[in-house]
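This is what each chain is made of:
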Amino acid sequence: MQVATGKSVLNGIAIGKVKVYKAPKLEISEALIEDVEAELARFDAAREKAIDQQNALYEKALIDAGEDSAEVFSVHAMMLEDDDLLDATKEIIQTQKHSAEYATKVAFDNQAMVFAEMDDPYMKERAADIYDIEQAVLNNLFGIDTDSMQGTEPCILVARDLTPSETVRLDKSLLLGIITKEGSSNSHTAILARSMGIPALVQCADVEEDWDGKDAIIDGYNSCAYVEPTADLASSLKKRRDEDLKQKALLQELKGADNTTIDGTTIKVYANIGGPSDIGLVQQNDAGGVGLFRSEFVYLNSKDYPSEDEQFNAYRLAVEALAPKQVIIRTCDIGADKQVDYMNMEKEENPALGVRAIRICLTRKEFFKTQLRALLRASAYGNLGIMFPMIISKRELRECKDLLKECEKELLEKGIKVGTYSLGIMIETPAAVMIADELAEECDFFSIGTNDLTQYTLAIDRQNAGLDPFLDIHHPAVLREIKMTIDAGHRHGTWVGICGELGADPALTETFLRMGIDELSVNPVSVLPLRKLIRGLDLSKKPEDQE
Ligand code: PEP
Ligand code: MG
């Protein structure tokens, strides 16, 4: 087995036989021509054909990859009408008496070099476009049929590099993946591959011509390719690929659909994320919003206290990118199993019952206010929910709200924008469940953290796998607490969701819907399977009569 590394363009797995593509070598003669008019006519015919081809590629890319990715081909068609470029080419034919092929090569290369030397990165990129249209004109002059580059069998195409035109021309139904020796992950080719959903690896220096015909796997998740992989590796990556395909099929089927049962009950299905790097997953899985953004990552990934600006940038990124979808950011939930050195927390006998989450924030108010200011600033950029973890009393919640108001005032006095936002708490302890009526009067939503709620209700340390024989994850005590919380919330107009792991448990979806849950926030990849399940439920039937 050979392992080759590169830069991944798309997180995905491709499995198949390699087809090595070698661009045809064009021998351009420097011999002089006699019939200038005929040569000008040949150039014009090749150029006009290239324009038609670019327009056809635009139409194909529009279907395969969408408007944004297709745009490059209409730019190419326009470039092929550019007077300066045409005059420069014709001039070489007319005055130097060179062939249309030679004139095209020299004039287009010169133009590409002018772009390549520009400072503006956008203009620099245009050089690749000129090379692409030059290739198109030359192929037409040489009568080369580029449609045959892929063969007739499904393959992983391996090439030194591919132009956008070559990429789009590929038959998607036979294209499993792409590996190129050159190219950048932001090139048009990479963007096209990404929009076409094709796993691709660029800048893969190890590409070899003798891979042709060999079995290979592109592992886009780990930016590598395996040539002649071992049977074990192939079978585990095949499993992953099959999961991806299932998810893709679900997406096709359910993208944009409501989370509505057969009898017409609709709930929100949101995603849990660990930071802005998961925004793509929220979009890809068509989640309705983010129900739990664990803000801990800003603390855990930092060597020292993260500044207000650092936090603001991270929160804003998510809120702005996902607007108008709601993004619920949970304030710092450090402590217990999540420790950071720079906070110098005292060692505790029993950290799960110790100074964690909101308890740290309310004892270190300036630390907490830094996060609150960052969140309030981010609220101006989208649809933000602010959520406090581990609340066990009305006094704590009021204190959090007072601090939030204090921060808001400070920001407004400095002329800094603050938007609107909704306010919620996590229900993670039996205490919070018991006083849910009082808490509901103080906030817009509840999100039940079933991971901690189970731990604190059953007195089972969630970190201790040795306790598994005693753990009933569907314990009736926890289920009754969930029902009590939903009822209490609804009595006060407060919506209720679940963001702990139980929210994604398909064995409980119907139970939660019958209880009246308003939202389930789950791992992004569980969003569509959950939607499918919800759409198959009929709550007007007795539970035992469900199919
Ligand atoms: C929970 O306790 O259920 C929860 C979602 O929070 P975490 O798992 O981050 O403690
Ligand atoms: Mg928790």
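As the structure is a prediction and not an experimental result, all values here were calculated from the model.

Caption draft 1: Seen up close, the sheet that holds strand S13 (residues 421-427). Read around the barrel, eight strands follow the order S9-S10-S11-S12-S13-S14-S15-S16 and close on themselves; strand pairing throughout is parallel. Averaged over all neighbouring strand pairs, the angle between strand axes comes to 25 degrees, with direction disregarded. Here strand S15 (residues 495-498) runs beside strand S16 (residues 519-522); their pairing, made up of two bridges, is parallel. Bridge assignment links Ile498 to a residue of S16, and that residue is Leu520. Contacting S13, strand S14 (445-448) and S15, helix H18 (residues 476-491) runs over the sheet at an angle of about 155 degrees to S15.

Caption draft 2: Molecular detail of the environment of Ala112. By the secondary structure assignment, Ala112 is in helix H4 (residues 100-116). As a C-alpha pair, Ala112 and Ala128 span 16 residues in sequence and 7.3 Å in three-dimensional space. Ala112 has contacts with Ala127, Ile130 and Tyr131, leaving out every residue within four places of it along the chain.

Caption draft 3: The arrangement of unusual backbone geometry in detail. Note the cis peptide between Ala323 and Pro324, where omega equals 5 degrees. Its location among the elements puts Pro324 in the loop between helix H11 (308-322) and strand S11 (326-330). A positive phi angle, close to 60 degrees, is found at Lys97, a residue other than glycine. Mapped onto the fold, Lys97 is located in the loop between helix H3 (83-96) and H4. In this structure, Ala459 takes a positive phi of about 55 degrees despite not being glycine. By secondary structure assignment, the location of Ala459 is in the loop between helix H17 (450-458) and H18.

Caption draft 4: Examining the nonpolar core more closely. Ranked by size, the top nonpolar core spans 82 residues in total, and within it Tyr315, Phe388, Ile482 and Phe512 carry the most contacts. The element best represented in this core is helix H13 (residues 365-378), accounting for seven residues. Beyond its immediate stretch of four places on either side in the chain, Phe512 contacts Leu479, Ile482, Ile498, Leu502, Gly503, Ile517 and Leu520. Listed in part, the 28 residues of the second largest apolar core include Val36, Tyr102, Phe115 and Val137.

Caption draft 5: Representation of the coordination of the magnesium ion (ligand 2) within the structure. Every protein donor of the magnesium ion (ligand 2) is accounted for by Glu428 (OE) and Asp452 (OD), and the metal-donor separations fall at 2.0 to 2.1 Å. Of the two residues, Glu428 is situated in the loop between S13 and helix H15 (430-434) and Asp452 in helix H17; the sequence distance between them amounts to 24 residues. Of the two residues, Glu428 and Asp452, both sit in the buried class.

How each quantity is defined
- Residues numbered from 1 in each chain as written.
- Chains lettered and ligands numbered in written order.
- Predicted model: local features only at pLDDT ≥ 70, side-chain atom pairs only at ≥ 80, totals over all residues.
- Heavy atoms only, no water.
- Pairing = 2+ DSSP bridges.
- Helix = DSSP H or I, 4+ residues; strand = E, 2+ residues; numbered from the N terminus.
- Axes fitted to C-alpha atoms, helices over the stretch in contact; angles between N-to-C directions.
- Contact = heavy atoms within 4.5 Å.
- Core = buried A, V, L, I, M, F, W, Y, C linked by side-chain atoms within 4.5 Å.
- Buried < 20%, exposed > 50% of the residue type's maximum accessible area, 1.4 Å probe, protein only.
- Donors = N, O, S within 2.8 Å, 3.2 Å for Na, K, Ca; no water.

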